[in-house]
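For reference, the chains in residue letters:
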Amino acid sequence: MLRLPPRYHRGIAPLAFALLLVVPGLAARAQKAPTIPHQKYTLPNGLEVILHVDRSVPIVAVEGFYKVGSGDEKPGRTGFAHLFEHVMFMGSQNVPVGKFDEWLEAAGASNNGSTNFDRTNYYETGPSNALPLMLWLDADRMGWLLPTMDQAKLDLQRDVVKNERRQGVDNAPYGKADETILPVLFPKGHPYSWDVIGSMDDLSAAALDDVKAFFRQYYAPDNATITIAGDFDPDSAKAWVAKYFGPIPRGTASITRPVAPAVTLTRDSVLVLEDRVQLPRVYYTWHGVKAFSADDAALDALAEILASGKSSRLYRTLVYEKQLAQDVRMSNASQKLDGFIQLVVTARPGVAPTEVDAEITSVLNALIAGGVTDRELTRVKNGVRANTLDGLANVASKAFRLSYYNYFTGTPDFLAQDLARYEALTPAAVQRAARTYLAGTPRVVLSIVPEGKTAMALTTATLGGIK
C-alpha cells in the first residue's frame, strides 16, 4: 500500500500538492504514472542490491532492509526483532560502541531504524561523499557484529527496550490496546498475535545465546537488501558494495517463513480494560486483507472516507456536528500475512460510549446501504497521488519504497502499479468492500475506560449492529 508507516523507531504539503487535493481529476490529467528507475542485482553471497540515481540534490540515502519482523519470532521469544534493531547500533568488530552515530554525524549524516510485523530496516541519509562510510558501517555490523556481542551490550539494550515499553505501553494512556486486541483477533501462535515490542517477560528471559542465534539466522546477506538512492556514481557504488559486503558469508541457518492460515472470527468479542485515563476510548477491529491483495486499495479508501481528515464522515458527524467525540480515526493495516481494519474513537467528557457507538452504527450502515460519492472517492485518489508525488521528492522515501516493493511484490519499482490500484477504484468497489468486511462481520470491540468505571464500557447487549 502507498502509506507505509513504521511501527517502532530507535529513539522516531506544498501548494502544488494542495492544488491536486482540491481540483477533482486534476492529478490524473496532469501527471503520468510515476516510476523510480533502478538497477537491481545480487551478490554471490545472496545480498540484493538496488540502485536509484537522483542527481537533483547532492544527498544520498542507504536503506538496509532485513526480511525479519516480529512475525518471525516464536512464542516465548517475542520482541527479538525490535530488540535487535537496537543492538545493531551498539558497535561491531571495527566500530567501537558509540562511534556508529558519532562518525555519521561528523560526516553530516543521520540514521535510524524501525521494526514492524514483517521487516526491520536501517537507514542513513547524508551528503553524497558520505556514501562509502555509510556502506562500510552497514557492512561491518552485518558481517562482524557477533564478535563484540556480549552480555553487557545485551543487558544495556534490553533495559532501553524495556523502558521504551514502559513509556509506550505499560505507563501510556491507552497503551495496552494492541496487546489486548491482537491475541483475540488472531489465534494463539499466529505471527501477528503479539505486539511488535514484545512482552516484558520475554525480554527479561532473552539469553545471549538466543540473541546470537537470532542474528545468525536472520541477519545474513541472503536475507537482506541494500538500496542506495540519490546522487552517486553507480560504478563507484557497485565497487564499494562488492568490497564491503562481498566478503560476508551467506547464512548457515535455514529460514522458514511463517505461514498463517486464513483467520475468521465466529462472533463479536467485546472486551473492557480499565486504565488511568479520563475519557473512555473504543477500538473496533475487523479482519482485513494482505497487502496488495484485491480489496486492499478499496479498504484504504473506505478508511479515508469514513475517518481521515475533517471532511470525513465520522469526523464531521461525531466531532463537529454532534460533538460526541474528541477524535476519531480509522486505518486499514494490511501486512504480508494478513491485515486488519481498525476504527478508534475517544468520547467527549460526559458522553457515554453507547451514544458514540449508536452514531457510528448509523454512519456505517448508511454508507453500506448507500455507498460513497464520486466526490469522496476523488478526494481519496487526489490525496494518494499528492502524497506519492511528495514522497518522490525525498531520496530516503524512494529507497524505502524500492526495498518494500521488492520484498512484498518482487518488483522494486512497483509504484505505478500501486498507484493504479487506487485510480481504478469505483464507488461500487468501495461499497462492496464495506459490505464484505464490515457488515455483519464479527469484530473485536475493546472499551478502555477510567479505573473503576467498567459500567461505561460497551457490552454485547449495547453494541450496535452493522448490517
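Here's a quick rundown of the structure. (Residues numbered from 1 in each chain as written. Predicted model: local features only at pLDDT ≥ 70, side-chain atom pairs only at ≥ 80, totals over all residues. Heavy atoms only, no water.)

Helix and strand counts for the protein stand at 17 helices and twelve strands. Taking 2.2 N^0.38 as the reference for a compact globule, 467 residues should give roughly 23 Å; the C-alpha atoms of the protein span a radius of gyration of 23 Å, in line with that estimate. For the protein, the proportion of its 467 residues judged to be buried stands at 56%. Within the structure as shown, the protein displays about 19,000 Å² of accessible surface, and the carbon and sulfur contribution to it stands at 54%. (Helix = DSSP H or I, 4+ residues; strand = E, 2+ residues; numbered from the N terminus. Rg over C-alpha atoms; globule rule 2.2 N^0.38 Å. Buried < 20%, exposed > 50% of the residue type's maximum accessible area, 1.4 Å probe, protein only. Areas by Shrake-Rupley, 256 points an atom, 1.4 Å probe, with all protein chains shown as cover.)

Where helix α11 (residues 296–307) contacts helix α14 (residues 374–391), the axes come no closer than 10 Å and their chain directions differ by 110°. It follows from the interaxial angle that α11 and α14 lie roughly perpendicular. For α11 against α14, the interelement crossing comes out right-handed. Every residue of α14 that contacts α11 at Ala301, Glu304 and Ile305 is listed here: Glu376, Leu377, Arg379 and Val380. Taken together, the residues of the contact of α11 with α14 sort by class into four nonpolar, no polar and three charged. (Axes fitted to C-alpha atoms, helices over the stretch in contact; angles between N-to-C directions. Parallel < 35°, antiparallel > 145°, perpendicular 65-115°, else oblique. Left-handed = near helix turned anticlockwise from the far one by under 90°. Contact = heavy atoms within 4.5 Å. Nonpolar A, V, L, I, M, F, W, Y, C, P; charged D, E, K, R; others polar.)

Counting across every chain of the model gives 28 aromatic pairs. Plain terms: the ring middles of Phe117 and Tyr192 are 4.5 Å apart, the flat faces sit at 35° to each other, and that makes the pair tilted. With Phe117 in the loop between β5 (110–115) and β6 (120–127) and Tyr192 in the loop between α7 (177–185) and α8 (200–205), the pair connects residues that are 75 residues apart, well separated along the chain. Comparing Phe117 with Tyr192 shows no difference in burial state: the two are buried. Cluster of aromatic residues (ring-pair linked, three or more members): Tyr66, Phe80, Phe84, Phe89, Phe100, Tyr122, Phe214, Phe215, Tyr218 and Tyr219. Seen from the ring of Tyr407, Lys336 lies directly overhead, with NZ or CZ sitting 4.2 Å from the centre. Over the ring of Phe408 we find Lys336; its NZ or CZ atom is 4.9 Å from the centre of that ring. (Phe/Tyr/Trp six-rings, centres within 6.5 Å; stacked < 30°, edge-to-face > 60°. Lys NZ or Arg CZ within 6 Å of the ring centre and 35° of its normal.)

This next bit is on unusual backbone geometry. Unlike most non-glycine residues, Tyr174 shows phi in positive territory, near 65°. Relative to the assigned elements, Tyr174 resides in the loop between α6 (151–170) and α7.

Let's shift gears to the sheet that holds strand β9 (residues 281–287). A sheet is described by the order of its strands in space; here five strands give the open sequence β8-β12-β9-β11-β10, paired in mixed fashion. Looking at the sheet topology across the chains shown, the edges are occupied by β8 (269–275) and β10 (325–334). Between one strand and the next, the sheet's axes are offset by a mean angle of 15°, whatever the strand orientation. By the bridge criterion, five bridges tie β9 to strand β12 (residues 444–450) in an arrangement that is antiparallel. (Pairing = 2+ DSSP bridges.)

This paragraph deals with the nonpolar core. Membership of the largest hydrophobic core comes to 51 residues, with the highest contact counts inside it found for Phe84, Leu135, Tyr219, Ile228 and Phe245. If one sorts the elements of this core by residue count, helix α5 (residues 131–143) sits on top with six residues. Excluding its chain neighbours within four sequence positions, the residues that come into contact with Leu135 are Val62, Ile226, Ile228, Ala237, Trp240, Val241, Tyr244 and Phe245. (Core = buried A, V, L, I, M, F, W, Y, C linked by side-chain atoms within 4.5 Å.)

A few words now on helix α3 (residues 80–87). Of all eight residues in α3, eight are buried, a share of seventy percent or more. Taken together, the buried positions of α3 are occupied by Phe80, Ala81, His82, Leu83, Phe84, Glu85, His86 and Val87.

Most of β5 is tucked away: five of the six residues are buried. Direction of pairing for β5 relative to β6: antiparallel, over a ladder of six bridges. Considered in β6, the bridge of Asn112 is made with Tyr123. Between β5 and β6, which pair antiparallel one after the other, the connecting turn spans four residues.

Okay, the pattern of salt bridges next. In the structure shown here, the tally under the stated rule is 20 salt bridges. The partner of Asp54 in a salt bridge is Lys398, with the nearest N and O atoms 2.8 Å apart. One end of the pair, Asp54, is in the loop between β3 (48–53) and β4 (59–66); the other, Lys398, is in helix α15 (residues 395–409), and 344 residues separate them in sequence. Comparing Asp54 with Lys398, the two get one shared label, buried. For the salt bridge of Asp268 with Arg443, the shortest nitrogen-to-oxygen distance reads 3.7 Å. (Salt bridge = Lys/Arg side-chain N within 4 Å of Asp/Glu carboxyl O.)

Glancing now at the side chain of Arg443. Its location among the elements puts Arg443 in the loop between α17 (427–437) and β12. A polar side-chain atom of Arg443 sits 2.6 Å from the main-chain carbonyl oxygen of Gly464. When neighbours within four sequence positions are excluded, Arg443 is seen to be in contact with Leu265, Arg267, Asp268, Ser269, Tyr284, Thr285, Trp286, Leu463, Gly464, Gly465 and Ile466. (Polar contact = N/O pair within 3.5 Å; in protein donor to acceptor, adjacent residues only side chain to side chain.)

For the rest of this paragraph, the subject is the pairing of β10. Across nine bridges, the pairing between β10 and strand β11 (residues 339–347) is antiparallel. Across the sheet, the residue bridging to Ala325 is Ala347, located in β11. Where β10 folds back on β11, the antiparallel hairpin that results is connected by four residues.

This part takes up the packing of α5 against helix α10 (residues 234–245). α10 packs onto α5 with a crossing angle of 25° between their chain directions and a minimal axis gap of 9 Å. One element, α5, and the other, α10, form an angle in the roughly parallel class. Considering the relative orientation of α5 and α10, their crossing is right-handed. Where α5 approaches α10, its residues Leu131, Pro132, Leu135, Trp136, Asp138, Ala139 and Met142 are matched on the opposing element by Ala237, Trp240, Val241, Tyr244 and Phe245.

Now for the environment of Leu446. The topology assignment puts Leu446 in strand β12. Sequence separation between Leu446 and Leu135 is 311 residues; the distance between their C-alpha atoms is 45 Å. Setting aside residues no more than four positions away along its own chain, Leu446 makes contact with Ala177, Thr180, Ile181, Leu271, Val272, Leu273, Arg281, Val282 and Tyr283.

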